[in-house]
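Listed below, chain by chain, are the residues.
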Amino acid sequence: MAALASLGTSGWAANTPEIDAEDFLEKKKDADVLVIGGGMAGLFAAVKAHDAGADVLVVSKGRLGASGQTPFAKGIFAYDPETAKTSLDEFTDSVSQSALGTNNPVFTRQMAEHSLERVNELKEWGFFKSPLYHDAFRIPLTERGIPVMERIVVTHLIREQGRIAGAAGFSLDRERIYVFKAKSVILCTGAGGFKPNGFPICDLTHDGTCMAYRVGAKVTGKEWNDGHPGQSENPAACYNGWHGMFDRKPGVTGVGIRHDLGVDLNYQAYMQGNPVQMGPSGSGGQSKVSGGPERPEGFNRPGPPKGGPAPGRRPGGRGADRSGKRGGPPGMHGNMVGGSSAGMSIHKSEGLVPINEKCESNIPGLYAAGDALGSYMAGAIYTQIGSSLAGSAVQGAVAGEAAAEFGCTVTLQKISSVSMGKIRTEILAPLKRQQGYGPDWVTRVLQGIMIPNFVIYIKKEPILNAALAYVEELRDHHTPMLRAADLHELRLAHETANMILSAEMKLKASLMRKESRCSHYRLDYPHMDTKNWQAWINIFKGTDGTMQLEKQPFKSWPA
Amino acid sequence: MSVNTIRGCIGCGTCVKTCPTDVFRMDGETGKAVIRYPDACQICHLCRLYCPENVITISPEKSIPVIVSWG
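Residues numbered from 1 in each chain as written. Chains lettered and ligands numbered in written order. Predicted model: local features only at pLDDT ≥ 70, side-chain atom pairs only at ≥ 80, totals over all residues.

1. Topic: the environment of C202(A)
For the record, the criterion: Helix numbers and strand numbers start at the N terminus; a helix is a DSSP run of H or I with at least 4 residues, a strand a run of E with at least 2. Burial is judged by counting other C-beta atoms within 10 Å of a residue's own C-beta: 20 or more means buried, 12 or fewer means exposed, and anything between counts as partly exposed, with every C-beta placed from the backbone. The contact criterion used here is simple: two residues whose C-beta atoms, placed from the backbone, lie within 7 Å are in contact.
With respect to the helices and strands, the residue C202(A) is situated in the loop between β8 (176–187) and α6 (207–214). The exposure class of C202(A) is buried, given the 27 C-beta atoms found within 10 Å. Spatially, the C-alpha atom of C202(A) lies 7.6 Å from that of Q69(A), the residues being 133 residues apart in sequence. Those residues in contact with C202(A), other than ones at most four positions away along the chain, are P20(B), T21(B), Q42(B) and C44(B).

What follows is the structure, given as structure tokens:
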């Protein structure tokens, strides 16, 4: 599989750089609060940190409002206490029931409680008037004079004297390394995948999670899987697979708790092969095989919606407009293929481990929000439509205020020349190699190892161990030999290294969780184990540099 | 092959800034956008949707083989 995956791209070869690593200038920027990422979480982090009195700088690998998964999210949840038929407590309890205890009710409730305020602010900025979000995102930042630096690939967090001191990265447009000194940093870097096909993960490769892990942050949620299928016809075509959703203006969703988009379809495909037709649970999907992921009581797969299309016909379903003329996400339409979002967990279930409800990590001064924070807001399964975008907005705001508050208690730190020299060397290493592995080729080998249904979705110990052996080989003998000839390839090299690290985390966490629950399914441990596994898995770098894993009981904060 | 053509580019650079996967670059000589890294295209259409002149064409086929979980 790995060999097949590599077809069409260049593996080991001599490197002929088009730019000279020695020409890179170093530019320095200071801020009280550095926000990394320009999606929904980054927007609110910047606005609220500024409004709390901080000098804020936003840095993004892509364009404000047009990178990460934010531009493709078209529903945002708002809990309106005046119209909701359930109380906040009832809402939170219902999410916990669907999530089989995997959610953190503090973040579940926080999301709902603050969602309407965030949605109303977005309305003021014109967010709901256009399918494209950049202009609306610019409004509050321009009004506040918050600078935004786009197309900067942040590769390193900098930790000095035990707390965060800033970050560093490089420009995609010119030979420049940027060093950002900050009193606090908020990672709004989203989640990521293995550059899969058909789901708009696009530029997300777990960059924030990986750079935080490397400086000692704890990471969680890597064993869960987002189960979005893709379409069999042109499976790589994100836009086509989502059938017009990207053209649509965003809308507001109300309360409706579900248990969606785990690995039910993966199990069905594994047990009976293709074709798998119709949509995921809740959209009319029909389970055709016995066994598989267990569903909580009261959240069984519903049949086709009343008045809906016959099996095999395009149902439109969730995401379709009321006329039914425009369709919904992949999986709502005819034959499907799996793995369109491979490498990504359920939104908000993976990322930095929060030590409190303020989105703070175990590293003083380092915060995360949205998909970069393993808040378990929704749990390890999709529970509330639109809560992903709402959660990013709410957590961004919470983290922004907290990071600004933290910044008032500390001063900017000096970044040692030793640290800077090491970072510069690491950033530019792929450009300096005279030969090496092409990052595209290594990525495709990684995809071949990780994406098959029998590896990362329908899991069992021997295969997980086999995949881990491959990934450790990539970690030890390919990551150090990635080459880059230009700035685009330099970005790919760093992204590839991050995906390999994330794959190692996913496999080790999948091996450790010897049970099945929500979006994690072990064929050799097919049932939920409430005696041993009422716990999340945290991953961190041990003192010897090796990856360590630990349990953290559900509904608790790190010790 | 994913992103196909840019015909009628006015050189605003919006597609370069917008593409999440860094497919485009500005041509130093012509001052217009070029499709520099087509293999990176994830066919999300953001470039086309943001292009003020609507001059970018995109096809749904990926230029390199696609890895899926099943199918």
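2. Looking at the sheet that holds strand β20 (residues 535–541) of chain A
Strand pairs in the sheet, formed through backbone hydrogen bonds, run parallel or antiparallel to each other. Residue and element names in this part refer to chain A. Definition in use: For two strands to count as paired, DSSP must find a minimum of two bridges between them. Only the contacting stretch of a helix is used when fitting its axis, a line to C-alpha atoms as for every element, and angles between N-to-C directions run 0 to 180 degrees.
Reading across from one edge, β14-β9-β20-β21 is the order of the four strands in this open sheet, with antiparallel pairing throughout. Strands with a single pairing partner mark the edges of an open sheet, and in this sheet they are β14 (351–352) and β21 (547–553). As defined by bridge partners, strand β9 (residues 219–220) adjoins β20 across two bridges and the pair is classed as antiparallel. Along β20, the bridge assignment pairs T220 with N538. Sheet strands in contact with helix α14 (residues 487–512) are β9, β20 and β21, and its direction is about 50° off that of β21.

3. Things to note about the interface of chain B and chain A
With 25 residues of chain B at the interface, the matching set in chain A holds 43 residues. Looking at the side of chain B that touches chain A, the elements that each hand over two or more residues are α1 (14–18) and α2 (46–50) of chain B. Tallying contributions element by element places α2(B) first for the side of chain B that touches chain A, with three residues.

4. Brief notes about the packing of helix α2 (residues 40–51) of chain A against helix α9 (residues 387–407) of chain A
Residues and elements named next belong to chain A. Defined as follows: Two helices crossing with the near one rotated counterclockwise from the far one by less than a right angle form a left-handed crossing, whereas a clockwise rotation gives a right-handed crossing. Under the grouping applied here, Gly and all other residues not named as nonpolar or charged are polar, the nonpolar ones being Ala, Val, Leu, Ile, Met, Phe, Trp, Tyr, Cys and Pro and the charged ones Asp, Glu, Lys and Arg.
Running from N to C, α2 and α9 cross one another at 30°; their axes reach a closest spacing of 7 Å. Seen from above, α2 lies across α9 with right-handed handedness. Touching M40, A41, G42, L43, F44, A45, A46, V47, K48 and A49 of α2 are L389, S392, A393, Q395, G396, A397, A399, G400, E401, A403 and A404, all from α9. Of the residues belonging to the contact of α2 with α9, the class tally is 14 nonpolar, five polar and two charged.

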